[in-house]
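Results of the structural survey
Now for the letters of each chain:
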Amino acid sequence: MIAGFRLEQRGSIGPLRTWALSLGAIVVAMVLTGVLFAAFGVAPLAAFATLVDRTILDARGLSEVVRRAIPLMLAGVGLTLAFRARFWNIGAEGQLLIGGVAASGVALFSGLPGPLLLPAMFLAGFAAGAAWGLGPALLKVRLGVNEIITTLMLNYVAIYLVRWLINGPWKGRSLSGFAYSDVFEPAAWLPTIGTTRLHWPTLTLAIAAAVFVAWLLTKTRFGFEVRMMGESPDAARYAGVDSFRTTLVLVLVSAGAAGLAGVGEVAGIHHRLVDPASLSVGYGYTAIIVALLARRDPLAALVTAAFLGWVAASGDVMQVALRLPSQITGVTQGLVLLCIIGVEPFLRYRLVRVPRNAGNGPDGVRPVPKGVQ
Amino acid sequence: MDVGAVFVVTTLARALAFSTPLLWAALGEIVAERAGVVNLGVEGMMIVGALAGFVVAQSSGDPWLGLAAAAATGAVAGALHAFFAVIVRADMYVSGLALTIFGLGLSGLIGRGWVGRPLDRSMEFVSLPLLSQLPLVGPRLFQGQYLLTWLGLLAALMLWFVLHHTRLGLVTRTVGENPAAADAAGVRVVQVRFFAVVFGGLMAGVAGGFLSLAYRPSWGQGMTNGLGWIALAMAIFALWDPLRAVLAALLFGTFFTLSFSLQDRFAPQLLTMMPYLFTILALTLTAFRKGGRAFGAPEALGQPYTRGER
Amino acid sequence: MRSVSKRFPGVLANDAIDLTVRRGEVHALLGENGAGKTTLVHMLYGLQAPDEGAIYLRGRRARLRSPRDAKVAGIGLVAQHFHLARRHTVAENLALALPETPALFPTRALRAPVAELAQRYGFEVDLRARVGALSPGEQQRVEILAALLQGAELLILDEPTSVLTPQEADRLFAVLQRMRQEGKGVILISHKLDEVLAIADRITVLRGGKVVATRDAATASAGELATLMVGREVTRGRSPSAAGPGAVRLSVRNLTVHSERGEARLNGVDLDVHGGEIVGVAGVAGNGQAELAEVLTGLRVAEAGTVLLDGADVAGAGVRDLFARGVVHIPEDRNAMGVVGGMKVSENLVLRRHRQAPFSKGRLLDWREVSRNADGAIRDYQISTPSRDTVTRQLSGGNVQKVILARELGGAPGLVVASHPTYGLDVAATELTHKLLRDQRDRGAAVLLVSEDLDELLQLSDRIVVLFRGSVTGTVDAAGAQRDEIGLLMAGDRTPLAPAGSQA
C-alpha cells in the first residue's frame, strides 16, 4: 500500500465495461490464435479469410454457425443459473448426451403417435438431463462432495453408456464401420429451415429459455433469491433462502437445459443416436465458456453462444478446407477464457486517494473475490 | 501353479503399470493443493507433456530426453497456471480449466503431423535385482515394469518425508493452511505457491510422458483420456497424503485393469465406466470420513492470498 | 534507565506522532477504533513506512521495511487474529516462525529453547498439541512464545484481551510482569480503559490520528482517559425505560445446541426476555452467544429445549417463519451476512422482507414499492449513499449498519436479536444504534443484546445474562452490577452474588 492511496474495489462494473472486457478478451484471444497458427504452420490471415468467407459471407455457412450455437445457447443459459448457485457444472457434456439418449429411446421404442413424439422427446430429454445432474447436486448439497469431479466423471460414464448402446442393444441394422442406432421415423425429425441444418424449433426454445430465465432473475422472488445466493451465500442464508432447495432447482434446470440441447442434436441433426464424439462434440465444455463470457447473464449468453458457435463452425471449415484437426478450436477457447480472467482483476481495482480525515472505519484491500463471477 | 494366484499377481502387475501416470500426476497435485492452489489443468498439462515427450524422443532417439522435455513442458504449463492463479490472483478454477481446454487443443494442433506412428525407441522394462528372483511374484511383478513406475513410488516416499519432516515441507503446508501466518513469519507466500504449482505441472508432464514414451509409445489426439481428472480426484481421495496416494493409485489401477481383463464376460464399455463411477464413490466416502475427524483439506485451499488484510 | 525508544512523527493516518517506550515498561496505546493505533503499529512492524519522521531503536535510527526487518531489530507482534496454522502442532508453528530451524526435522531443535523460555516467563506449553485444540489464551501464549524465540525485546500486543476471560487476562498480565522484570518493553494496544489502568506504566491516548496525551498510569483516572479518547464528556450513564418491563415475550428453557463434532455449545440454557426490556448477553466470545443468537433467529436448530415466542412454540422454526413472527436479527458480520454487498441499497433494504406485501405480489416483486421504501428509509435513517441504486459494498460500515437497522427495525418487530451491533462503528453510529435499540425497547419490543463490550452492556441493558461454556452462570441487574462480579461469572465462577442477582 502506498501511503496516501489505497486500492479500492470498484462497487460494480458497469455493463459497458463488462462488455468491453468480454470483447477485448475475444479480440486478444483471436490475435493470439493467429500467432500460434503462424508458429505451427498455418497461415493465419489466409485461414481467417477462408473462415469468414465460408461462415459469414455464405448463407449456408451462416446457418451452420447458428445451428452450432443452438446447443450452446441452451446449455449455456442453463449454466448461467448453475454458476449463480456456485455449482460448477462441468457435466453439461454428459447431460447433453443423456438427453439425446432419452430422446432416442422415445423415438425408437415408445410407440407414441406421430404428433406426440417430438414433445415427448423434449420432455424426456429434459428429465433425463436433470436426473443426470441430480446425483452430483445431492452429493454436493448434502455431503459437500466436489461437484467438478462428480459431474466430470459422469460425463465419461455417459460417453461409455452411449457407446455401449449403439454397439449393443440399440445397434442399428445397417452401415459399415461406424456404429449408430436405427434412424428415427420422420415424425421424430425436427423441421429445419430450407435446405440448411438449422432446426428452428430448438432455436426458438433456446431463445425462449434465455428470455424466461432473464425474466425470472429480475422480476420474481425466486430470481431475487437466486441473485442473493450468487452474490453472498451467507447473506442468503440469513435472509432465509433455502440454499439446498434453490441450488437443487438451479442444477436440475441447468442439467435439464443441457439435456434439451441433446434432444435438439439427435432430433434435428443426426436423427439417430451416434457416437458421442460426433454428438456432443465438446458442446458441454464450450457452454462453460459461453456462460462465463456472458458473466452469468442469460441474455448475454445468447450472444456469446453465437460467437462460440462461430468458433465451432470455423473448426469444421478448418477440418474440411485446411485439413486441421477440429479440436484446435480448443486453442481459441482456452485463450478466450484466460484472457477474461487475466484482465478481470485489473478492472476490479483502482487507485483512490485517501481523504484527509483518516480512520473512518475499516479500510484496506478487501479479500479478492472469485474472479469471473 | 495356482491359477487364481497367477491372476492376482498379473492383475497387480498390470495395475502397477497403469497406476504410474496417475500417481505422478496426483503427487504433483497434492503438492500444489497443499500449498493452497487447485490445478484443474492437470489433464492439459499431461497431454502437452505427452506430446512434447513423444516429439523429442522421436526426433532424438532417446526416450529419456523425451521425458525431460515432457517434464519441462509440464512445468511451463504449470507456470502459466501459477501466473494466473497466484500472481494475478484470477479465478484459479477457471484458469486451470482453460489450460486443459487450451492444452488439448494446442496439442492437437502441434501434434497433427505425429499421429499414428509408433515411437522408434521407447522406454524399456527394468528388472529389480533381488526382488525379481522371488518365486511366483518375482518375474511377474518385479521384472516387467518400467523404471518410472518404481521411481514414482520412490517419489511418493520422498515427498512424504519432505512434506512432514523438513522445513520446506512445513513452509509449503503452512502456506496452504494459513497464508497470513506464513507471511507473518516471513515466508514469501507467492513464491512458494508459484513453485508448488510449477512442480505440480512438472509431475503432470512426467505422467503424460510416461504415457507416450512407455505405456503406449505413440501419439494420439487426447490420449490421456481423462486420466488427469482421475488424478485430481485421487489427490482428494488420498486426503492430500503422498503415501495414501500410492494406495489410491493402485486401487484405481486395479479397477482399470480388471475392466480390461474381464472384457470377455462383460460389455467393455460398461466395464470402462466403472473406474469413473468408482471415483465418485471414493469421493463420497471421503466426504463421510471428513465429517468425523480432523482430516480435511488444507484450510486455505482455493483462496487467493493478498497481503494487507488485518 | 536505558531507553528502548521509538520516536516518530507519522503518516497521514497518523499525524506527527511522538512516542517513547522505555525498557522494562508496559506502555499502553489507547484509542477508539480508527484512531490510528493500528497504523502506528504497522509502521513499527514494517508493514508500512512512515511518510515523515523516523523510528529510533536504542538511540539508533531503524529502517523497517518488512516484518523481517522488524524481527531482526527485536520487535515482535502478537496480532488480534492469531497467525497460527490450526491444524499444525505448536512445535510446527513455532518452527515456522524461526528461520534458523534446520532444514531437516525442524521441530526438534526447539525443545531446549522453548523449555527455557517457558520456565523464565512462567507458562506451560505442550509442543505436540495441535493449535486448533488449544484455548484462545493458550494460543496467544504460543504467539508470545514465538515472538520471544525470535529475540523480541519489544513486544506489541494488539487488543490481547479481546478473546480472554478476566482470569486468562490476569495470567497474561502476570507474563507481562515477568517481561517487565526482564527488561523487555511492551506496547499494549487496547480500548479497554480499566485493563489499561491495571497493567500499564504509561498510557498514550490517540484520537483522530494524533497523540492527545501521555499520562502515567498511576495518576490517571478512567474518566479523564475516556474524555481524552472521545474528545468530549462521555455519558457513561444509563437511561432506563420509564415503564418497567412488560409481559414475557421470549421464553427459553433448557436450550441445548451441539456443534458438528458433538460438543455442547449451549447446555440447558434458560432465559426470559420481557417486552420493554433489554437483556444483555455477556461472555467472552465463543461461549455460546453466537449459537444462542443463531437458534433464536432460525439459523440453527437446537438439539433440545423449548423456545416460546409470545407463547407459541417456535423451536425448529426457520428463518422465514421467525421473521414473519416478528423476530429480527442484527447480525454480527454485517458485511458478509447482513447485506449482499453486490446488490443495490434498495434491494438490501428489502432483503428479508421481500416475501411480504407490499414488495411481493404473488411470485413477482414490485420494484416500485421497493424504490419507494428505499427512499423512505434513506431519509428516515439518514443513510449516506450516492443513490438508492448504489452497490451496497461501497457504503461505509456505519451506513451499512443503518441499512440493516432500517430494514430490520422498520417493521415493528417483537423481538430484536442484536449481535455485536456496534463493533467497528465510530462513535456517532454507535450512539445511533444505541438510541434505536432503546427506542425499540420503549416501544415494547423485547431486545436481546449480545456484546463483548461490557461497558455497552452495562449502559444499555436492564438485566445481564452471563454465558460461560454454554451455560448461564448468572443473571444480574445492570443497575447495580459490578464489573468484577460479571468478570467472575464470565469465567465460570458461580459463587453466590449480592442480593440483586438471581436465576432467570
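When helices and strands are tallied, chain A shows 14 helices and 2 strands. Contacts in chain A between residues far apart in sequence, at least 24 positions, make up 78% of those at least 6 positions apart.

This paragraph deals with the overall build of chain B. In terms of regular secondary structure, chain B is built from 12 helices and 2 strands. Scanning chain B from its N terminus toward the C terminus, one meets helices and strands in the order α-α-α-α-β-α-β-α-α-α-α-α-α-α. In terms of overall size, chain B behaves like a compact globule, its C-alpha atoms giving a radius of gyration of 20 Å where 310 residues would be expected to give roughly 19 Å. Projecting the C-alpha coordinates of chain B onto the three principal axes gives extents of approximately 70 × 50 × 40 Å. Burial analysis of chain B (310 residues in total) assigns 58% to the buried set. Expressed as a percentage of contacts within chain B between residues at least 6 apart in sequence, the contacts between residues at least 24 apart total 77%.

Residue and element names in this part refer to chain A. An ideal rise of 1.5 Å per residue puts 16 Å on 12 residues; helix α2 (residues 44-55) measures up with 16 Å between its terminal C-alpha atoms. Those residues of α2 lying buried are Ala47, Leu51, Arg54 and Thr55. With its buried residues spanning 85° around the axis, α2 presents them on a single face. Structural note: α2 exposes Leu45, Ala46 and Ala49 on the side pointing more than 90 degrees away from its buried face.

Between chain B and chain C, the residue contacts involve 17 residues of the former and 19 residues of the latter. The set of elements that each furnish at least two residues to the side of chain B that touches chain C consists of α7 (167-177) and α8 (179-184) of chain B. Per-element tally for the side of chain B that touches chain C: the top contributor is α7(B), with 6 residues. For the side of chain B that touches chain C, the per-class residue count stands at 9 nonpolar, 5 polar and 3 charged.

Turning our attention to unusual backbone geometry. All names here are of chain C. Phi is positive for aspartate 310, which is not a glycine, with a value near 50°. Here aspartate 310 shows up in the loop between β12 (304-309) and β13 (312-313). The partly exposed category is assigned to aspartate 310, around which 16 C-beta atoms lie within 10 Å. Despite not being glycine, glutamine 382 has its phi angle at roughly 50°, a positive value. For glutamine 382, the location among the structural elements is in the loop between α13 (367-381) and α14 (397-409).

As a further point, take the interface of chain B and chain A. Interfaces are often sized by the amount of accessible area the parts lose when they come together. Taken together, the contact pairs 44 residues of chain B with 46 residues of chain A. Of all the secondary structure elements, the ones that give two or more residues to the side of chain B that touches chain A are α4 (92-110), α10 (227-237) and α12 (268-292) of chain B. Broken down by element, the side of chain B that touches chain A gets its largest block of residues, 14 residues, from α4(B). Of the residues belonging to the side of chain B that touches chain A, the class tally is 28 nonpolar, 11 polar and 5 charged.

Residues and elements named next belong to chain C. Of all 5 residues making up strand β1 (residues 26-30), 5 are buried, and the element is well covered by its neighbours. Every second residue of β1 is oriented toward a common face, with Val26, Ala28 and Leu30 on one face and His27 and Leu29 on the other, all of them buried. Sheet topology note: the β1/strand β6 (residues 185-190) ladder contains 5 bridges and is parallel. Across the sheet, the residue bridging to leucine 30 is serine 190, located in β6. Bridge count between β1 and strand β7 (residues 202-207): 4 bridges; the pairing is parallel. Bridging across to β7, leucine 30 finds its partner in valine 205.

Right, let's get into the domain arrangement of chain A. Residues and elements named next belong to chain A. If you check the domain split of chain A, you get domain 1 (1-42 + 324-373) and domain 2 (71-321). Contacts between domain 1 and domain 2 engage 15 residues on the former and 16 residues on the latter. Elements with a minimum of two residues in the side of domain 1 that touches domain 2: α1 (15-39) and α14 (329-348). Counting residues per element, the side of domain 1 that touches domain 2 draws most heavily on α14, which supplies 6 residues. Here the side of domain 1 that touches domain 2 is composed, by residue class, of 8 nonpolar, 7 polar and no charged.

Glancing now at helix α4 (residues 92-109) of chain A. Note that an α-helix has 3.6 residues per turn; residues three or four places apart therefore point the same way. Helix length check: α4(A), at 18 residues, gives a terminal C-alpha distance of 25 Å against a target of 26 Å (1.5 Å per residue), a fit within 8%. Trailing α4(A) by a residue or two, A:Gly111 shows a phi angle of about 70°, which is positive.

Moving on to the sheet that holds β13(C). Residue and element names in this part refer to chain C. Judged by pairing direction, the sheet is antiparallel, and its 4 strands sit side by side in the order β10-β9-β12-β13 without closing on themselves. Sheet topology places β10 (264-274) and β13 at the edges, where each strand pairs with a single neighbour. The sheet contact formed by strand β9 (residues 248-258) and β12 spans 5 bridges and is antiparallel. Across the sheet, the residue bridging to serine 251 is leucine 308, located in β12. Sheet strands in contact with helix α9 (residues 289-297) are β9, β10 and β12, and its direction is about 60° off that of β10.

Let's shift gears to the pairing of strand β18 (residues 446-450) of chain C. All names here are of chain C. Among the 5 residues of β18, 5 are classified as buried, and the element is accordingly described as predominantly covered. Alternating residues of β18 divide into Ala446, Leu448 and Val450 and Val447 and Leu449, and every residue in both groups is buried. In terms of strand pairing, strand β11 (residues 277-282) meets β18 through 5 bridges, oriented parallel. Of the residues in β18, the one forming a bridge with valine 281 is valine 450. Examined bridge by bridge, strand β17 (residues 415-419) and β18 share 5 bridges and lie parallel to one another.

Time to look at the sheet that holds strand β4 (residues 75-78) of chain C. Residue and element names in this part refer to chain C. Taken in spatial order, the 6 strands of this open sheet run β4-β5-β6-β1-β7-β8, and their pairing is mixed. Edge positions in the sheet fall to β4 and β8 (210-216), since each of these pairs with one other strand and no more. Put simply, the sheet's adjacent strands are angled 20° from each other on average, direction ignored. Sheet topology note: the β7/β8 ladder contains 6 bridges and is antiparallel. Looking across to β8, one finds that arginine 202 is bridged to aspartate 216. Across the sheet, helix α1 (residues 37-44) lies against β1, β4, β5 (154-158), β6 and β7, angled at about 150° from β5, the strand it touches most.

Definitions and cut-offs
- Residues numbered from 1 in each chain as written.
- Chains lettered and ligands numbered in written order.
- Predicted model: local features only at pLDDT ≥ 70, side-chain atom pairs only at ≥ 80, totals over all residues.
- Helix = DSSP H or I, 4+ residues; strand = E, 2+ residues; numbered from the N terminus.
- Contact = placed C-beta atoms within 7 Å.
- Rg over C-alpha atoms; globule rule 2.2 N^0.38 Å.
- Buried ≥ 20, exposed ≤ 12 C-beta atoms within 10 Å, placed from the backbone.
- Expected span 1.5 Å × (residues − 1).
- Arc of directions from axis to C-beta.
- Nonpolar A, V, L, I, M, F, W, Y, C, P; charged D, E, K, R; others polar.
- Pairing = 2+ DSSP bridges.
- Domains from an automatic or database assignment.
- Axes fitted to C-alpha atoms, helices over the stretch in contact; angles between N-to-C directions.

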